[in-house]
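What follows is each chain in one-letter form.
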Amino acid sequence: MRYISYFCIIIMVKPLAERLRPKTLDEYIGQKHLVGWNAVLRNMIESGRTVSFILWGPPGVGKTTLALIVANQLHVPFYTLSAVSSGVKEVREVIEKAKHSGFFNSNAPILFIDEIHRFSKSQQDSLLAAVEQGVVTLIGATTENPSFEVIRPLLSRCQLYVLKPLEKEDLLELLHRAVTEDTELKKLDIRLEQTGAMLRYSGGDARKLLNILELVVGAAKGEPIVVTDECVEQCLQQNPLAYDKDGEMHYDIISAFIKSIRGSDPDAALYWLARMIEGGEDPKFIARRLVISAAEDIGLANPNALLLANAAFDAVSKIGWPEGRIPLAEATVYLATSAKSNSAYNGIAEALSLVKKTGNLPVPLHLRNAPTKLMADLGYHDGYKYAHDYPDNFVVQQYLPDGVKDERIWHAQHSPAEEKMYQRMLKCWGDRFSR
């Protein structure tokens, strides 16, 4: 009886993004403000000395690669931890190893922590002494705003460098390098006939761009492999927009939306509205922001804006997507093109500040109700003048507490609608409102 053994040899090929990972600053693409000629990170690395720092930027822009380049250039031990899978125990173990791996008068080992924003306060606390004493040089990477996610003592011990999404020119350079220099792709006849879809779907993320290229090449039948926008869209079949509803992009876009309305630019406001719609934002979230903007930014210059924003909120709640985009667009254009005033917003802020500063000042007696005989005997309500008993339904009397009776809180802004209010106040109160 014969036994025949079959051996299957599987050759594991690294992903394209890993094969093309730069090993030196000269190979690194993008972030010229940090690693270009005479830029801060390049100077620090080439000097042979480095300090702890945090790299903040969106996915796929080279945070991990920069950390590896620093370690390679300085020839120091490189330890890496993931905030997703590591705890205080793992941090302490790495710090203990680092204490015994450094040499006198040499750079400290590098501890790279990916997604450092996911570390809890206790995990971040466990790093403080090692960073302070120079046991390790910490390099953290985060996609979230460090000022919100990294504890202040750790942030104060690190430099912060902001990485940007890759520009179109950077991405095209990366594509060219992939098809001409990668060990696997350069064997193939790849023709980049159109690149618009790949650039759009990548959203400035180098890793995503290379994954898309690898997917398109893998799906091709025969050679030459002609890359077009159509074949990219057929391969991906997904929404290309980067929009993390719990992340930095979410807050940046809603901020741009509100600022465009405040700045009276309906084109920009509609653009940011479209970005949110295409990104899958909750329509009620958008509608709530419109209601806030109507009250905060348009205010008394056009009180109808608040009515329209509320109507849009009601309509969206009833009809949902996709028709809900129409009342949202209507409200967006109306608010953006409306006259603006934040006098009510400023007024309540000033009033709150005054209350905090002056405390619980007593209500003047003439403004108090007197539902009982005792209250009447104590002078409650005495001297109160009923405004409707006087010409134009107005009479001069004191309404503020004695301690702040001369304070001005609301200051008119002279839009056409608000000018009428201001002129009436001048007529009623005279010099008090001319101050």
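Whatever comes next refers back to the structure up there.
This section reports on the structure supplied with the text. Just so you know, these numbers come straight off a predicted model, no measurement behind them.

Thresholds applied
Residues numbered from 1 in each chain as written. Predicted model: local features only at pLDDT ≥ 70, side-chain atom pairs only at ≥ 80, totals over all residues. Heavy atoms only, no water. Core = buried A, V, L, I, M, F, W, Y, C linked by side-chain atoms within 4.5 Å. Buried < 20%, exposed > 50% of the residue type's maximum accessible area, 1.4 Å probe, protein only. Helix = DSSP H or I, 4+ residues; strand = E, 2+ residues; numbered from the N terminus. Pairing = 2+ DSSP bridges. Salt bridge = Lys/Arg side-chain N within 4 Å of Asp/Glu carboxyl O. Expected span 1.5 Å × (residues − 1). Arc of directions from axis to C-beta. Contact = heavy atoms within 4.5 Å. Phe/Tyr/Trp six-rings, centres within 6.5 Å; stacked < 30°, edge-to-face > 60°. Lys NZ or Arg CZ within 6 Å of the ring centre and 35° of its normal. Axes fitted to C-alpha atoms, helices over the stretch in contact; angles between N-to-C directions. Parallel < 35°, antiparallel > 145°, perpendicular 65-115°, else oblique. Left-handed = near helix turned anticlockwise from the far one by under 90°.

## Quick word on the nonpolar core
Soluble globular proteins tend to pack their nonpolar side chains together in the buried interior.
Then, number 1: Ranked by size, the top nonpolar core spans 27 residues in total, and within it Met 198, Leu 213 and Val 232 carry the most contacts.
Then, number 2: Those elements giving two or more residues to this core turn out to be α9 (168-181), α10 (196-202), α11 (206-219), β7 (225-227) and α12 (229-236).

## Here we look at the pairing of strand β4 (residues 137-142)
Then, number 1: Most of β4 sits inside the fold, with six of its six residues counted as buried.
Then, number 2: Looking at chain direction, strand β1 (residues 53-56) and β4 are connected through four bridges and run parallel. Note that in β4 the partner of Leu 55 across the bridge is Ala 141.
Then, number 3: Strand direction decides the pairing type here: strand β3 (residues 110-114) and β4, joined by five bridges, are parallel. Directly across from Asp 114, in β4, lies its bridge partner Ala 141.

## Points about the pattern of salt bridges
Then, number 1: With the rule as written, the count across this model stands at 17 salt bridges.
Then, number 2: With a shortest N-O distance of 3.6 Å, Asp 26 and Arg 42 are connected by a salt bridge. Of this pair, Asp 26 sits in the loop between α1 (16-19) and α2 (32-35) while Arg 42 sits in helix α3 (residues 40-46), and the two are 16 residues apart along the sequence.
Then, number 3: Since its relative accessible area comes to 12%, Arg 42 is described here as buried.
Then, number 4: A salt bridge links Lys 121 to Asp 125; the shortest N-O distance between them is 2.9 Å. In this pair, Lys 121 and Asp 125 both sit in helix α6 (residues 121-133), four residues apart, roughly one turn of the helix.
Then, number 5: The partly exposed category is assigned to Asp 125, whose relative accessible area is 30%.

## Concerning helix α18 (residues 343-358)
Then, number 1: With 16 residues, α18 extends 22 Å from end C-alpha to end C-alpha; this agrees with the ideal 22 Å at 1.5 Å per step.
Then, number 2: Every buried residue belonging to α18 is among Ser 343, Gly 347, Ala 351 and Leu 354, and all of these are buried. What you see down the axis of α18 is that its buried residues fit within an arc of 70°, all on one side.
Then, number 3: Where α18 is buried, its residues contact α20 (416-429).
Then, number 4: Where α18 ends, the next residue or the one after it, Gly 359, has phi of about 75°, a positive value.

## Quick look at α12
Then, number 1: If you check which residues of α12 are buried, you get Cys 231, Val 232 and Leu 236. Around the axis of α12, the buried residues are gathered within 125° of arc, so they sit on the same side. For α12, the exposed residues set more than 90 degrees away from the buried face come down to Glu 230 and Gln 234.
Then, number 2: Packing partners of the buried residues in α12 comprise α10, α11 and β7.

## Digging into the packing of aromatic side chains
One pair of aromatic rings is described through two measures. These are the centre distance and the angle between the planes.
Then, number 1: Using the criterion set out here, one finds four aromatic pairs in the structure.
Then, number 2: On the numbers, 6.1 Å between centres and 20° between planes, the contact of Phe 78 with Phe 112 is stacked. On the criterion of sequence distance, the pair formed by Phe 78 in strand β2 (residues 78-82) and Phe 112 in strand β3 is long-range, its members being 34 residues apart.
Then, number 3: Owing to a relative accessible area of 3%, Phe 112 belongs among the buried residues under this scheme.
Then, number 4: Summarising the aromatic geometry, the rings of Phe 394 and Trp 429 are spaced 5.1 Å apart at their centres and angled 80° between planes, so their arrangement reads as edge-to-face. Of this pair, Phe 394 sits in the loop between α19 (373-377) and α20 while Trp 429 is found in helix α20, placing the two residues 35 residues apart along the sequence. An identical accessibility class is assigned to Phe 394 and Trp 429; each is buried.
Then, number 5: The ring of Trp 429 is capped by Arg 432, whose NZ or CZ atom sits 4.5 Å from the centre of that ring.

## A look at unusual backbone geometry
Then, number 1: One non-glycine residue, Gln 31, lies in positive phi territory at about 55°.
Then, number 2: Even without a glycine there, the phi angle at Ser 264 is positive, about 60°.
Then, number 3: Along the polypeptide, Ser 264 turns up in the loop between α13 (248-262) and α14 (266-278).
Then, number 4: Ser 264 sits in the partly exposed class, given a relative accessible area of 37%.

## A word on the packing of helix α5 (residues 88-99) against α6
Then, number 1: The N-to-C vectors of α5 and α6 enclose an angle of 15°; their axes lie 9 Å apart at closest approach. Classed by the angle they form, the pair α5 and α6 counts as roughly parallel. For the element pair α5 and α6, the recorded crossing hand is right-handed. Along the contact surface, α5 presents Val 88, Val 91 and Ile 95, while α6 presents Ser 122, Gln 123, Ser 126, Leu 127 and Ala 130.

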